[in-house]
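A closer look at the structure
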Amino acid sequence: MNPKKLWRQAGQWIGALTLGAALCGQALAAELHVLSSGGFTAAYKQLVPGYEKASGDQVVSGYGASLGGAPDSIPSRLARHEPADVVILSLPALEALVAAGHVRPGSRVDLGRSLIGLSVRKGAPKPDISSVEALKNTLLQARSIAYSASASGTYLSTVLFKQLGVADQVKDKARRIVSERVGSVVARGDAELGFQQVSELLPIEGLDFVGTLPDEVQEVTIFAAGITTEAREPEAAKALLRYLSSSEAAPVIQKTGLEPIPAR
């Protein structure tokens, strides 16, 4: 056979093999859909690019509250069967999704512990919440109070205000914030005090962080992840959860206001 023809055929075979390898690589890369609630969002946004680079997968992100019936809450999104391989939200909400058949039993991975904190508008006087009595007085003296529509706000409105004996006094000036960060409401001056998970308050510009609730009345929230029952990429979902709970992810989680939970 003509040597030139052989070289041409060889070049065609090599080209075909190269294209096939590239297509196989594309097939192996997953498009992973993740829904994350606010408490873990700051850490999540910083960690996802590292996962994408290491895995070659593409992560498509959505955000919403752990609880409630708002259209963008995670339970509402799953009820509409929005694409989701992984959900990241408060532990009680995750357990509720397992019970409802939306999340696979046994897929839970704990990621971080979160505390509830208080912020005020930048430059505003910082009230005293260093003790239970000081917190009670601050709530009574406040002109307006904002709290979240998710786990922290549910605790304030159904437990803490009653425990402090101020539920009746604050009911007309305390507002549940739906589909928006509490810190954003405070930063633009629409509320004097803003209570939410610390990790949700710290990233908001225009705020001064006051501190966390006193230990005696603090509510610790664990943020956890799970794989949905309708996951299209369960293996990639497992890889993402391993990454988010790894020792490499822990410094980022801590920096964003959460206490990392080591993988078991």
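Residues numbered from 1 in each chain as written. Predicted model: local features only at pLDDT ≥ 70, side-chain atom pairs only at ≥ 80, totals over all residues. Heavy atoms only, no water.

**Examining the packing of helix 2 (residues 38–55) against helix 10 (residues 234–244)**
Interaxial distance between helix 2 and helix 10 falls to 10 Å at its minimum, and their mutual angle equals 125°. As far as their axial angle goes, helix 10 and helix 2 are oblique. The chirality of how helix 2 crosses helix 10 is right-handed. Contacts between helix 2 and helix 10 involve Leu47, Gly50 and Tyr51 on the former and, on the latter, Ala236, Ala239, Leu240, Tyr243 and Leu244. In terms of residue class, the contact of helix 2 with helix 10 is made up of seven nonpolar, one polar and no charged. (Axes fitted to C-alpha atoms, helices over the stretch in contact; angles between N-to-C directions. Helix = DSSP H or I, 4+ residues; strand = E, 2+ residues; numbered from the N terminus. Parallel < 35°, antiparallel > 145°, perpendicular 65-115°, else oblique. Left-handed = near helix turned anticlockwise from the far one by under 90°. Contact = heavy atoms within 4.5 Å. Nonpolar A, V, L, I, M, F, W, Y, C, P; charged D, E, K, R; others polar.)

**What to know about the pairing of strand 10 (residues 221–227)**
Counting buried positions along strand 10 yields six of seven residues, so the element is predominantly enclosed. Where strand 3 (residues 86–90) meets strand 10, five bridges bridge the pair, whose relative direction is antiparallel. Of the residues in strand 10, the one forming a bridge with Ser90 is Phe223. Bridge count between strand 4 (residues 109–114) and strand 10: five bridges; the pairing is antiparallel. Each residue of the ladder has a partner; that of Val109, found in strand 10, is Ala225. (Buried < 20%, exposed > 50% of the residue type's maximum accessible area, 1.4 Å probe, protein only. Pairing = 2+ DSSP bridges.)

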